[in-house]
Structure formats: C-alpha cells, structure tokens
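# Examination of the molecular architecture
Read off the chains here:
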Amino acid sequence: MYYNGYNINVILLDDANGVPGSVWHNTDDSYTIFIDAKLCADHQQKIFKHEMKHICGNDFEKADVQEIEAEAHE
C-alpha cells in the first residue's frame, strides 16, 4: 500500500516474541512494518503510527537508537 508517499508492506506476526512492532527498510526503497497480531486493533494502529514516525523521520540514516526512540515518542 502507499501511505504518505511511501510504499509500505504490513505484516501481522502471530509469534512476535514480545516485540510489539518494528520496521525494515527494504532494498527496493519500500518499507515493511511488522506488528504483533495478538495486540488489539487500537494498539496495532498505535504501533503502525509509531513505525511511520521512524520512516517519515528518516531514522534509517541515524545511528543513535536511543535518540531515534526518544524522538519517535515525542
């Protein structure tokens, strides 16, 4: 799907090992957002929006993970 000008794939994981969500920048310049399928729909939407902040904030060009997360939670 296209969202905010980005090509986004969303995968709901049945076994997310306790990780609510993550995002991967693919070699074709698309992104894949992984979301824990066991979360309620409201929480899944919040995770999606959080991961989109990483994409829109060009976080894949930054090195400091703590800084990235702090900015994404603002």
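Please read these numbers as outputs of a predicted model, since none were measured by experiment.

## A word on the sheet that holds strand β4 (residues 31-36)
One open sheet holds the four strands; their spatial order is β1-β2-β4-β3, and the pairing between them is mixed. The open sheet has two edge strands, β1 (2-3) and β3 (21-25), and neither has a second partner. As defined by bridge partners, β1 adjoins strand β2 (residues 6-13) across two bridges and the pair is classed as antiparallel. Bridge pairing in β2 places Tyr3 opposite Tyr6. With respect to the sheet, helix α1 (residues 41-56) is in contact with β1, β2, β3 and β4, its orientation differing from that of β4 by roughly 150 degrees.

## Looking at the pattern of salt bridges
What the rule picks out here adds up to one salt bridge. For Lys46, the salt bridge identified is with Asp42, shortest N-O distance 3.4 Å. Placement of both Lys46 and Asp42 in helix α1 is noted, with a separation of four residues, approximately one turn of the helix. Residue Lys46 is classed as exposed on the basis of its relative accessible area, which comes to 52%.

## Looking at α1
A rise of 1.5 Å per residue sets the reference length of α1, with its 16 residues, at 22 Å; its end C-alpha atoms lie 22 Å apart and thus fit the reference within 8%. Listed as buried for α1 are Gln44, Ile47, Phe48, His50, Glu51, Met52, His54 and Ile55. Directly beyond the C-terminal end of α1, a positive phi value near 55 degrees is found at Asn58.

Reading the values: the criteria
Residues numbered from 1 in each chain as written. Predicted model: local features only at pLDDT ≥ 70, side-chain atom pairs only at ≥ 80, totals over all residues. Heavy atoms only, no water. Pairing = 2+ DSSP bridges. Helix = DSSP H or I, 4+ residues; strand = E, 2+ residues; numbered from the N terminus. Contact = heavy atoms within 4.5 Å. Axes fitted to C-alpha atoms, helices over the stretch in contact; angles between N-to-C directions. Salt bridge = Lys/Arg side-chain N within 4 Å of Asp/Glu carboxyl O. Buried < 20%, exposed > 50% of the residue type's maximum accessible area, 1.4 Å probe, protein only. Expected span 1.5 Å × (residues − 1).

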